[in-house]
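Close look at the chain arrangement
Chain residues, written in single-letter form:
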Amino acid sequence: MSNKYLEMDLLRFTTAGSVDDGKSTLIGRLLYDSKSIFQDQMEAIETASQKKGEEKVNLALLTDGLRAEREQGITIDVAYRYFATPNRKFIIADTPGHIQYTRNMVTGASTANLAIILVDARNGIVEQTRRHSFIASLLGIPHIIYCINKMDLVDYDEQHYEKIKAELVGFSAKLRTKDFRFIPISALNGDNVVNRSKNMPWYEGSTLLHTLENIHIASDHNHIDCRLPVQYVVRPQKDEYHDFRGYAGRIAGGVFKTGDEVTVLPSGFQSKIKSIETFNGTIDEAYAPMSVTVTLEDDIDISRGDMIVRPKNQPNVTQDVEIMLCWMSENPLVNRGKYTIKHTSKEARCMIKDVQYKVDINTLHRLENDNQIQCNDIAKVTLRITQPFFADKYKDNRNTGSVILIDEATNNTVGAGMIV
Amino acid sequence: MAKYQLSHLEELEAESIFVLREVAAQFENPVLLFSGGKDSIVCYHLARKAFFPANVPFPLMHVDTGHNFDELYQFRDELMEETNGRLVIASVQKSIDEGKVVEEKGINASRNKLQTTTLLDGIEEHKFDCAIGGARRDEEKARAKERFFSHRDDFGQWDPKNQRPELWNLFNGKKHFGEHFRVFPISNWTEMDIWQYILKENIKIPSLYFSHQRDCFVRDGVVMAKTDFIQTKPNEEIKQMQVRFRTIGDATCTGATISDADSLDKIIEEVAASRVTERGGRADDKRSEAAMEDRKKEGYF
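Position numbers for residues count from 1 along each chain, tracking the sequence in the order it is written. Think of it this way: whatever chain is written first is A, whatever ligand is written first is 1, and the rest follow in order. In keeping with the predicted nature of the model, local features appear solely for residues at pLDDT of at least 70, side-chain atom pairs appear and are counted solely at 80 or more, and the whole-chain, interface and lining totals rest on all residues.

Let us look at the overall build of chain A. Only DSSP runs of H or I covering at least 4 residues are called helices, and only runs of E covering at least 2 are called strands; the numbering of each starts at the N terminus. On a plain count of helices and strands, chain A comes out with 9 helices and 23 strands. It is over C-alpha atoms that the radius of gyration is taken, and the globule rule equals 2.2 Å times the number of residues to the power 0.38. At 24 Å, chain A has a C-alpha radius of gyration in line with the 22 Å of a compact globule built from 420 residues. Counting only C-alpha atoms and orienting by the principal axes, one finds that chain A spans roughly 70 × 60 × 40 Å. To sort residues by burial, count the other C-beta atoms lying within 10 Å of each one's C-beta; a count of 20 or more means buried, 12 or fewer means exposed, and anything in between means partly exposed. C-beta atoms are built from the backbone. Put simply, chain A has 420 residues, and 49% of those count as buried. A separation of at least 24 residues holds for 70% of the contacts in chain A among residues at least 6 apart in sequence. Two residues form a contact once the distance between their C-beta atoms, set from the backbone, is within 7 Å.

All right, on to the overall build of chain B then. The number of helices and strands found in chain B is 8 helices and 10 strands. Scored against the burial criterion, the 301 residues of chain B give a buried share of 53%. In chain B, the share of contacts with a sequence separation of at least 24, taken over all contacts with a separation of at least 6, comes to 75%.

Let us look at the sheet that holds strand β6 (residues 180-183) of chain B. All names here are of chain B. Reading across from one edge, β3-β2-β1-β4-β6-β5 is the order of the 6 strands in this open sheet, with mixed pairing throughout. With one partner strand each, in any of the chains shown, β3 (87-91) and β5 (149-152) form the two edges of the open sheet. Along the sheet, successive strands turn relative to each other by an average axial angle of 30 degrees, direction set aside. Two strands are said to pair when DSSP picks up at least two bridges between them. Angles run from 0 to 180 degrees between N-to-C directions of axes, and those axes are lines fitted to C-alpha atoms, restricted for helices to the stretch in contact.

For the rest of this paragraph, the subject is unusual backbone geometry. Residue and element names in this part refer to chain A. Omega for the peptide link from Leu265 to Pro266 comes to 10 degrees, which places this bond in the cis form. A cis amide bond links Ala288 to the next residue, Pro289, at an omega of 0 degrees. Position of Pro289 among the secondary structure elements: in the loop between β14 (285-287) and β15 (291-296). Unlike most non-glycine residues, Arg336 shows phi in positive territory, near 70 degrees. Relative to the helices and strands, Arg336 is located in the loop between β17 (316-327) and β18 (338-343). Residue classification places Arg336 among the exposed positions, given that 10 C-beta atoms sit within 10 Å.

Residue and element names in this part refer to chain A. Counting buried positions over the 11 residues of helix α2 (residues 23-33) gives 9, a clear majority of the element. Of all the residues in α2, the buried ones are Lys23, Ser24, Thr25, Leu26, Ile27, Gly28, Arg29, Leu30 and Leu31. Phi for Lys35, located one or two positions after α2, is positive at around 55 degrees.

This part is about the nonpolar core. Side chains of nonpolar character tend, in soluble globular proteins, to be buried together. Buried Ala, Val, Leu, Ile, Met, Phe, Trp, Tyr and Cys residues form a nonpolar core when they are connected through C-beta atoms within 7 Å. The biggest cluster of nonpolar side chains holds 173 residues, and the ones touching the most others in it are A:Ala115, A:Cys147, A:Ile148 and B:Leu32. Residues in contact with A:Ala115, not counting those within four places in the same chain, are A:Phe13, A:Thr14, A:Ala109, A:Ala136, A:Ile141 and A:Ile144.

Per-chain confidence: chain A averages 89 in pLDDT, with 93% of residues scoring 70 or above. For every residue, the predictor assigns a confidence score, pLDDT, that lies between 0 and 100. Confidence scores differ between elements of chain A, with helix α5 (residues 67-72) of chain A showing the lowest mean pLDDT of 58 and strand β7 (residues 227-229) of chain A the highest of 98.

Residue and element names in this part refer to chain B. Of the two faces of β6, the one holding His180 and Arg182 and the one holding Phe181 and Val183 are both buried throughout. Note that strand β4 (residues 130-132) and β6 share 3 bridges and pair parallel. If you follow Ile132 over to β6, its bridge partner there is Val183. Looking at chain direction, β5 and β6 are connected through 4 bridges and run antiparallel. Bridged to Arg152 within β6 is His180.

How large an interface is tends to be reported as the accessible area lost when its parts come together. Each partner contributes to the interface: chain A provides 57 residues, whereas chain B provides 56 residues. Residue type decides the class: Asp, Glu, Lys and Arg count as charged, Ala, Val, Leu, Ile, Met, Phe, Trp, Tyr, Cys and Pro as nonpolar, and the leftover types, Gly among them, as polar. Looking at the side of chain A that touches chain B, its residues break down into 29 nonpolar, 15 polar and 13 charged.

Residues and elements named next belong to chain B. Among the secondary structure elements, Leu12 is positioned in helix α1 (residues 8-26). When the 24 C-beta atoms within 10 Å are taken as the criterion, Leu12 is described as buried. In sequence terms Leu12 and Ile186 are 174 residues apart; their C-alpha atoms lie 7.7 Å from each other. When residues no more than four places from it in sequence are discounted, the contact partners of Leu12 are Asn188, Trp189 and Asp193.

Residue and element names in this part refer to chain B. Most of helix α5 (residues 115-125) sits inside the fold, with 8 of its 11 residues counted as buried. Of the positions making up α5, those classed as buried are Gln115, Thr116, Thr117, Thr118, Leu119, Leu120, Gly122 and Ile123. Two residues or fewer past α5, Lys127 is found with a positive phi of approximately 55 degrees.

A word on the pairing of strand β7 (residues 212-219) of chain B. Residue and element names in this part refer to chain B. Note that β7 and strand β9 (residues 239-245) share 5 bridges and pair antiparallel. Looking at the pairing, His212 lines up with Val243 of β9. Taken together, the 4 bridges between β7 and strand β8 (residues 222-225) define a ladder with antiparallel strand orientation. Residue pairing for β8: Cys216 is matched across the bridge by Ala225. Once β7 ends, the chain turns through 2 residues before running back antiparallel as β8, passing Asp220 with a positive phi of about 50 degrees.

We now examine the domain arrangement of chain A. Residue and element names in this part refer to chain A. Per the domain assignment, the segments making up chain A are domain 1 (2-220), domain 2 (227-309) and domain 3 (316-419). In this structure, domain 2 and domain 3 have C-alpha centres spaced 30 Å apart. Taken together, the 12 residues of domain 2 in the interface contact 9 residues of domain 3. For the side of domain 2 that touches domain 3, a count of residues per class yields 6 nonpolar, 4 polar and 2 charged. These domain limits were set by an automatic method or by a database of domain assignments.

For the rest of this paragraph, the subject is the environment of B:Lys174. All names here are of chain B. Looking at the element boundaries, Lys174 is found in the loop between β5 and β6. Look at Lys174 and you get buried, because 20 C-beta atoms sit within 10 Å. A sequence separation of 47 residues divides Lys174 from Gly221, and the C-alpha atoms of the two residues are 45 Å apart.

This brings us to the sheet that holds β9(B). Neighbouring strands of a sheet are bound in pairs by backbone hydrogen bonds; such pairs are parallel or else antiparallel. On the basis of which strands lie adjacent, the closed barrel formed by 4 strands has the order β7-β8-β10-β9 (chain B) and antiparallel pairing. Across this sheet, the average inter-strand angle for adjacent strands is 70 degrees, counted without regard to direction.

For the rest of this paragraph, the subject is the domain arrangement of chain B. Residues and elements named next belong to chain B. The domain boundaries assigned to chain B delineate domain 1 (8-194 + 289-298) and domain 2 (207-283). Between the C-alpha centres of domain 1 and domain 2 there is a distance of 24 Å. When contributions to the side of domain 1 that touches domain 2 are tallied by element, the ones reaching two or more residues are α3 (70-83) and α6 (191-201). For the side of domain 1 that touches domain 2, a count of residues per class yields 5 nonpolar, 8 polar and 6 charged.

Here is the structure:
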């Protein structure tokens, strides 16, 4: 059993939706049916449900961790949940679905491989479906599963499901994500969640859990464009490692091998990889998302914020970038305003040069003349940065294509940007 | 397994090492909170990996209630010696002696809550600007909402409704003078991950985790060790039992488990079959539904 555990891989997924979607019920069922809810947790929510005078055990209480959330019966923040099946480990980023929590959805989606979007079978595509799909696709989530939920309330009718599915196929063609799946479920009764539904013999696809367990995620990382942002310089100052200078960082893309020719940005100096060091010994190659320490053949001045790349495959070195920006602050974006910007291990200052358009995230229409960017708005923005950044397009690499903006007065993270 | 695909434990390890390196890069004077429990031991192991072949570039701080098991002190001192660790001790007894906190009275008296003051004083005294902790999101519902980089105001308080958004792997450790951060590198690990990792990496842990004979009694359905720090009620019978500890905290509030698991493999088997969370035996969490959230807001780890 132990050995098998060491071979499991990790899938991070996000679920967005409001309480009435049945999202909490769905998560509760995945946790419950995969035996990830413990007896004392179950007892605690049973007691809490009774105190509130509810008839059934309210599974939403499992995910709503803060006192204010329990009191108001809403999800305010991202909560992380964990469960495992024999082959795969899952991290759920459970996010609220209302429009005023777009920033939380963006946060949860930023690290996800997959998004589950719930569609109420009675209502079909609604505004919220469009919004969640757009955010998932904007954040570069490679796989989207549409769960057409509450099939029990439409008599498990195949025609009904097919009609909604056809609408979703038409709509999702406009999105950047390419892998879409559709599953008719009833989270309340458990149809097609973990167990196959006896009520929908016409559905020949996989259950939700089976899909989550088997979806191919190995190619979700970029293994082509070699990028190692230098995070920390390791200098042991010990006799046995007298001249050791190691460049520590997490591989953001590509595969680095011992002996590879590399270029260091921004200096442009070239060298070769002498060794790839880890605590457990040297290794021959390293790839995303490994954390390693590399040494180079030549003595070059390298510090945090520099990037090690291959000579023939370099990112765009530029001070002007265009981003899709999700604004996260109660204070509106200041046009021509100055912010701190972070990108990989690099930090600088930037100015908002231009707001090109705002996106109506319900209709996906561009609002060209609206440059008042408020909390939860998404806009295309041009930035001027004080120093050159080593930028990739977000669609090519989520690690080297993402930035955050920080308010210089409050130190708060106020914006999330994806380089276009 | 496909090439160029990390296993989930390797991916969690890479994430934690990344976070620890960010701490060293973004803060001037960080400290690793070390309780001698398995989670802080794993954090320390990850820190040693993150900066290898250099030494860990920050000290460890033990917030010592003075009510720990002897085995724990011995383990702590041996580990520091073997690994060249720098340890500072923040003593709850000292806080009591200085009159900063008042010891709880009564049968369920515990120094658990007093630790918060000692911890915050220790942070202030040594001018630490970041305290790294081994909290996991799967432990408790308030911890499920924690960020990796968690901002604390100049009173050391956590404001759960006003947390900084945390996107991708871009961690914002900016703060004003007097504020500090709590950083949780193993946020995404579960109890099972910790045990499997201890087995895989052959990490030493205190003997308390393995099954042994000990004088115990039962209170509110929880098996407690008999120690000098805890008063028993007349009807509480002291018996020798075969037990082990699933978590290790202050001896006054950490419950033991009846168990024969005397090896890591057996512990893992037991954890896999368990239907109760590891904090199920922690009296400190049972004080109210939001006990953890309330303590965290005040600055508890």
